[in-house]
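The primary structure of each chain is shown beneath.
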Amino acid sequence: MRSCAGSSPTAAAGVTRGHRREQLSNRRGLAPVRSIAGPSFESIDSDDFLSPVTTLERDQVTKLVAQVSEKDGKVLHPDLLNPRLLEAQYAVRGELYLRAEELKKTKEIIYTNVGNPQALGAKPLTFVRQVIALCAAPFLLDDPNTPLLFPADAIERAKKIIASFGTGGVGGYTDSRGNPMIREEVADFIQARDGHRPSTEHIYLTDGASAGVRNVLQSIIRNEADAVLVPIPQYPLYSASIALYGGKLLPYELDEASGWGLDLDALTRTVAAARAEGYSVRALVFINPGNPTGQCLPGEEVARLVEWCAQQRVVLLSDEVYQELVYRKDRPFTSAYKALMESKYAQTAELISFHSVSKGTSGECGLRGGYHVFSNIHPDTVAQFYKLSSIGLCPNTIGQVVVSTLCNPPQPGDPSYELFAKERADELASLSRRAALVSGAFNSLPNMSVVPTEAAMYAFPQVHMPLGALAAAEAAGKKPDVFYCLAMLEEAGICTIPGSGFGQAAGSQHFRTTFLPREEVMEGFVQKFKAFHINFMEKFGPKKKQ
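Since we're looking at a predicted model, the values are computed, not measured. (Residues numbered from 1 in each chain as written. Predicted model: local features only at pLDDT ≥ 70, side-chain atom pairs only at ≥ 80, totals over all residues. Heavy atoms only, no water.)

**A look at empty space enclosed by the protein**
And step 1. Throughout the structure, instances matching the rule amount to four cavities of 30 Å³ or more.
And step 2. Per-class residue counts for the lining of the largest cavity are nine nonpolar, five polar and no charged.
And step 3. Quantified by volume, the second largest cavity comes out at close to 70 Å³.
And step 4. Lining the second largest cavity are I190, R193, E320, Q323, Y337, S353, H355, Y371 and V373.
And step 5. Elements with a minimum of two residues in the lining of the second largest cavity: α9 (180-194), β7 (351-356) and β8 (370-375).
And step 6. The class makeup of the residues in the lining of the second largest cavity is four nonpolar, three polar and two charged. (1 Å grid on protein atoms, 1.4 Å probe; cavity = no way out; pocket = protein on both sides within 12 Å on 5 of 7 lines; lining within 4 Å. Points joined across faces, edges and corners; volume = space filled by probe spheres on them. Nonpolar A, V, L, I, M, F, W, Y, C, P; charged D, E, K, R; others polar. Helix = DSSP H or I, 4+ residues; strand = E, 2+ residues; numbered from the N terminus.)

**Some points on the pairing of strand β6 (residues 315-319)**
And step 1. Of all five residues that make up β6, five are buried, and the element is covered over most of its length.
And step 2. Where burial is concerned, the two faces of β6 agree: the one with V315, L317 and D319 and the one with L316 and S318 are both buried.
And step 3. Judged from the five bridges that link them, strand β5 (residues 280-287) and β6 form a sheet pairing that is parallel. Bridge pairing in β6 places F286 opposite S318.
And step 4. Chirality of the crossover, the property in question, places the unit of β5, helix α13 (residues 299-312) and β6 among those that are right-handed. (Buried < 20%, exposed > 50% of the residue type's maximum accessible area, 1.4 Å probe, protein only. Pairing = 2+ DSSP bridges. Right-handed = clockwise from strand over helix to strand, strands pointing away.)

**A few points about the packing of α9 against helix α16 (residues 397-407)**
Two packed helices can be described by the angle between their axes and the distance between those axes.
And step 1. Axis separation between α9 and α16 bottoms out at 9 Å; the angle between their running directions is 35 degrees. Considering how the two elements wind past one another, α9 and α16 form a crossing that is left-handed. Residues I182, E185, V186 and F189 of α9 lie in contact with α16, whose contacting residues are Q400, V401, V403, S404 and C407.
And step 2. Tallied by class, residues from the contact of α9 with α16 come to six nonpolar, two polar and one charged. (Axes fitted to C-alpha atoms, helices over the stretch in contact; angles between N-to-C directions. Left-handed = near helix turned anticlockwise from the far one by under 90°. Contact = heavy atoms within 4.5 Å.)

**Considerations on the pattern of salt bridges**
And step 1. Evaluated as defined, the whole model comprises 22 salt bridges.
And step 2. Notably, a salt bridge pairs R331 with E454, separated by 3.0 Å at the nearest N-O pair. With R331 in the loop between β6 and α14 (336-341) and E454 in the loop between β9 (448-449) and β10 (458-459), this pair connects stretches of sequence that are 123 residues apart.
And step 3. One continuous salt-bridge network, built from bridges that share partners, spans D175, R177, R183 and E201. (Salt bridge = Lys/Arg side-chain N within 4 Å of Asp/Glu carboxyl O.)

**Observations regarding the sheet that holds β8**
And step 1. Taken in spatial order, the seven strands of this open sheet run β2-β8-β7-β6-β5-β3-β4, and their pairing is mixed. Where the open sheet ends on each side, the last strands, each with one partner, are β2 (203-206) and β4 (248-253). In this sheet, neighbouring strand axes are inclined to one another by 20 degrees on average, regardless of whether the strands run parallel or antiparallel.
And step 2. The strands touched by helix α15 (residues 379-391) within the sheet are β2 and β8, with β2 carrying the most contacts at an inclination of about 20 degrees.

**Concerning the packing of helix α6 (residues 126-136) against helix α8 (residues 152-165)**
And step 1. α8 packs onto α6 with a crossing angle of 50 degrees between their chain directions and a minimal axis gap of 9 Å. Between α6 and α8, the angle falls in the class oblique. Our pair here, α6 against α8, has a crossing hand that is right-handed. Every residue of α8 that contacts α6 at F127, Q130, V131, L134 and C135 is listed here: D153, A154, I155, R157, A158, I161 and I162.
And step 2. In terms of residue class, the contact of α6 with α8 is made up of nine nonpolar, one polar and two charged. (Parallel < 35°, antiparallel > 145°, perpendicular 65-115°, else oblique.)

**Things to note about the state of the cysteines**
And step 1. Applying the stated rule across the entire model yields zero disulfides.
And step 2. Free cysteine C485: the closest other cysteine sulfur is in C495, separated by 8.8 Å. (Disulfide = S-S within 2.5 Å.)

**Overview of the confidence of the model for the protein chain**
And step 1. Mean pLDDT over the protein chain works out to 85, with 83% of the residues at or above the 70 mark.
And step 2. The model gives residues 1-15 a pLDDT under 50, and that stretch makes 23 contacts with residues more than four places away or in other chains. (pLDDT = per-residue confidence, 0-100.)

**Examining α8**
And step 1. Helix length check: α8 (14 residues) gives 20 Å between terminal C-alpha atoms against 20 Å at 1.5 Å per residue, within 8%.
And step 2. Of the positions making up α8, those classed as buried are D153, A154, I155, R157, A158, I161, I162 and F165.
And step 3. Summarising the contacts, the buried residues of α8 are in contact with α6, α7 (146-149), α9 and α16.
And step 4. Just beyond α8, the residue with positive phi is G166, at close to 90 degrees. (Expected span 1.5 Å × (residues − 1).)

**A few points about the environment of H355**
And step 1. With respect to the helices and strands, H355 occurs in strand β7.
And step 2. On the accessibility criterion, H355 (11% relative accessible area) is buried.
And step 3. For the pair H355 and G208, spaced 147 residues apart in sequence, the C-alpha to C-alpha distance is 7.7 Å.
And step 4. Leaving out residues up to four positions away in the same chain, H355 has contacts with F189, A209, E320, V321, Q323, G370 and Y371.
And step 5. Here the side chain of H355 touches E320 through a polar contact of 3.5 Å, landing on its backbone oxygen. (Polar contact = N/O pair within 3.5 Å; in protein donor to acceptor, adjacent residues only side chain to side chain.)

**Remarks on the packing of aromatic side chains**
And step 1. Inspection of the entire model under this criterion finds 20 aromatic pairs.
And step 2. Centroid distance Y322 to Y458: 5.6 Å. Interplanar angle 80 degrees. Geometry classified as edge-to-face. Here Y322 is found in the loop between β6 and α14, whereas its partner Y458 is found in strand β10, with 136 residues between them in sequence.
And step 3. When the ring of F536 is compared with that of F540, the centres are 4.8 Å apart and the planes differ by 50 degrees; the resulting orientation is tilted. In this pair, F536 and F540 are both assigned in helix α20 (residues 519-540), four residues apart and thus about one turn of the helix distant. Each member of the pair, F536 as well as F540, is classed as buried.
And step 4. What links up through ring pairs into an aromatic cluster is the set F442, F483, Y484, F511, F525, F529, F532, F536 and F540. (Phe/Tyr/Trp six-rings, centres within 6.5 Å; stacked < 30°, edge-to-face > 60°.)

**Quick notes on the sheet that holds strand β13 (residues 497-498)**
And step 1. Strand order across the open sheet formed by three strands is β10-β14-β13, with antiparallel pairing between neighbours. The outermost strands of the open sheet, each flanked by one partner alone, are β10 and β13.
And step 2. Inspection of the sheet shows β13 paired to strand β14 (residues 511-514) by two bridges, in the antiparallel sense. Within β14, the residue paired with I497 across the bridge is R512.

In structure tokens, the structure reads:
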């Protein structure tokens, strides 16, 4: 990875930028952004709502309302929805998934489209579920048979957690940032991982990492002149959310040839060009370990990226939900927080880090637990995030319990330790074998290549499509990668996601697959996929002379 110092815009560029922002704001009728905070409910008078209407004649109002509020007898006609919703795309639950749902009525489907471990056969961690059960049914703590069914440390942990939630236990609301004791446990977890401890006042528990990402993007994006740097390929949460909030997605391509690495020189050119066009580049999304790419960036490169963001004056949004799933012992996960705290920008560079209970060996996707941590964010801005979180009252309490069990797991000597450690180690070892199986299979086939998966739960192979396949896709009105994935679904019963749903270099064709089905299923996946791919290439490739 190449690095370079940040550069300041010229005066001329500043004029262009200001003109561009004014132009964009005027086009959408936006008032200048002064503050995130609005008036309190107590300060709003009914006239605030009625005064714009009373300036119009009654018949004009009637016509205006009729024009915009109804179509074909429906208020919620698709043409009358928020256009940003219509613009947003989320490939993970897109065309391929919907077709697979139809086909599963008549044939077996192997779903490798979503990172949903337990839906594909992974077992929950015993200690986690024991503590959840006791917290959700606290009357069990008074049952004399409970010590026969639950280990002592699970019982004690449940008692401690229930007490920390107060009188209502997990059935009551918590602070909008989440349970204070569990936020302390998150801080302890980060200190043990990184050697540095964040303030619990800057730790917000959330319903999975996605909820935190959406809140942050909603707050960062003020209008369509605000740009967010997003890696290509990326996880569609980012492109969909930026579209919903009306911002500008500014793509930066990861380098497939170097193992999906970063090119900071190219990043700098991208930012300079966007600022010259009048965009305000406010944040950079960094997904490490990578989704869909399955790479884990070396620690020294994470450090360079932190420095680059500080120099360029952009907020680093570090998505670290796959941090437990790293299969290369010579390249351990390095958090952006650790890199920040050990840099010269430790007290200045702005960072927001995200983590989740969904994507490690626990795989608790449906319980929706996670957190994000603010570093060097203005205290008044953190207060605004508190307000935003309070609109949703609080993160769900069972998700908070899961965060507690994973950030503060059983320790050596505890009754649950040996089983907990074995369950995690066995699942991690199995995932590593499945990653190697899939990567090896893809790289053994003609017209296909993949950067070997070293982390997370995905592979992102490139398919080198023959001309016949490109022509057939065009005739079918499909993108080439969509055409390939649909053919795979129809013929082999394998549901994946086309690379165009994540973004890919121009002219390249990829797809994303998980390797989450159990090992015996993945063996079948490999055989079915190989047969399909070879048949596809024979069907659309150059015909051999007889």
